[in-house]
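Breakdown of the fold
Here is how the chains run, residue by residue.
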Amino acid sequence: MNKNVKIYIAGHRGLAGSAITRELQRQGYTNVVTRAHAELDLEDAVATQKFFEQECPEIVFLAAAKVGGIHANNTYPVDFLMSNLLIEANVCRAAHANNVARLIFL
């Protein structure tokens, strides 16, 4: 795979996403794109679509999720589920609409 291919890692600060980011950088990939939640809210379909239109990633790793630990998940199970479904749907839809070559969904 071309080391200059544009790769977007959604969830680059989490456990899996940070490991993917480090490994890609270790292997010499030079065009890795990330956005913190404060910069891009993946629950916002319009913002997600706009990001994909502007950045045009060729490969997407979807490791983003709302997390909160056992107590929070037990207290607000539907809130976490709905947030994560929105993230997944918005990223998948935007990736498809913008002709992303590969979507790796964790």
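Residues numbered from 1 in each chain as written. Predicted model: local features only at pLDDT ≥ 70, side-chain atom pairs only at ≥ 80, totals over all residues. Heavy atoms only, no water.

Our focus in this paragraph is the environment of Asn2. Within the fold, Asn2 resides in the segment before strand S1 (7-10). Taking the C-alpha atoms as reference points, Asn2 and Tyr29, 27 residues apart in sequence, are found 8.0 Å from one another. Within the local environment of Asn2, its side chain forms a polar contact with the backbone nitrogen of Asn4, the two atoms lying 2.7 Å apart. (Helix = DSSP H or I, 4+ residues; strand = E, 2+ residues; numbered from the N terminus. Polar contact = N/O pair within 3.5 Å; in protein donor to acceptor, adjacent residues only side chain to side chain.)

Once that is clear, we can look at the sheet that holds S1. Whether parallel or antiparallel, the strands of a sheet pair through hydrogen bonds between backbone atoms. The four strands lie next to each other as S2-S1-S3-S4, forming an open sheet whose pairing is parallel. The sheet is open, and its two edges are formed by strand S2 (32-33) and strand S4 (102-105), each paired on a single side. Both strand S3 (residues 59-62) and S4 contribute to a ladder of four bridges, which runs parallel. Residue pairing in the sheet places Ile59 in a bridge with Arg102 of S4. Across the sheet, helix H4 (residues 77-97) is in contact with S3 and S4; its angle to S3 comes to roughly 175 degrees. (Pairing = 2+ DSSP bridges. Contact = heavy atoms within 4.5 Å. Axes fitted to C-alpha atoms, helices over the stretch in contact; angles between N-to-C directions.)

Now for the pattern of salt bridges. Side-chain pairs of opposite charge can arise whenever the charged atoms involved come near each other. All chains considered together, the criterion is met by three salt bridges. A salt bridge links Lys6 to Glu55, with the shortest nitrogen-to-oxygen separation between them at 2.9 Å. On the criterion of sequence distance, the pair formed by Lys6 in the segment before S1 and Glu55 in helix H2 (residues 45-55) is long-range, its members being 49 residues apart. Put simply, Arg35 and Glu55 hold a salt bridge, and the shortest N to O gap is 2.8 Å. With a gap of 20 residues between them, Arg35 in the loop between S2 and H2 and Glu55 in helix H2 connect regions that are remote in the sequence. Since its relative accessible area comes to 26%, Arg35 is described here as partly exposed. Connected through shared salt-bridge partners, Lys6, Arg35 and Glu55 make up one network. (Salt bridge = Lys/Arg side-chain N within 4 Å of Asp/Glu carboxyl O. Buried < 20%, exposed > 50% of the residue type's maximum accessible area, 1.4 Å probe, protein only.)

Let us now look at the packing of H2 against H4. Close contact between H2 and H4 brings their axes to 9 Å; oriented N to C, the two are set at 35 degrees. Relative to H4, the crossing made by H2 is right-handed. Together, Ala45, Thr48, Gln49 and Phe52 of H2 and Asn90, Val91, Ala94, Ala95 and Ala97 of H4 make up the contact between the two elements. Its residues assigned to classes, the contact of H2 with H4 shows six nonpolar, three polar and no charged. (Left-handed = near helix turned anticlockwise from the far one by under 90°. Nonpolar A, V, L, I, M, F, W, Y, C, P; charged D, E, K, R; others polar.)

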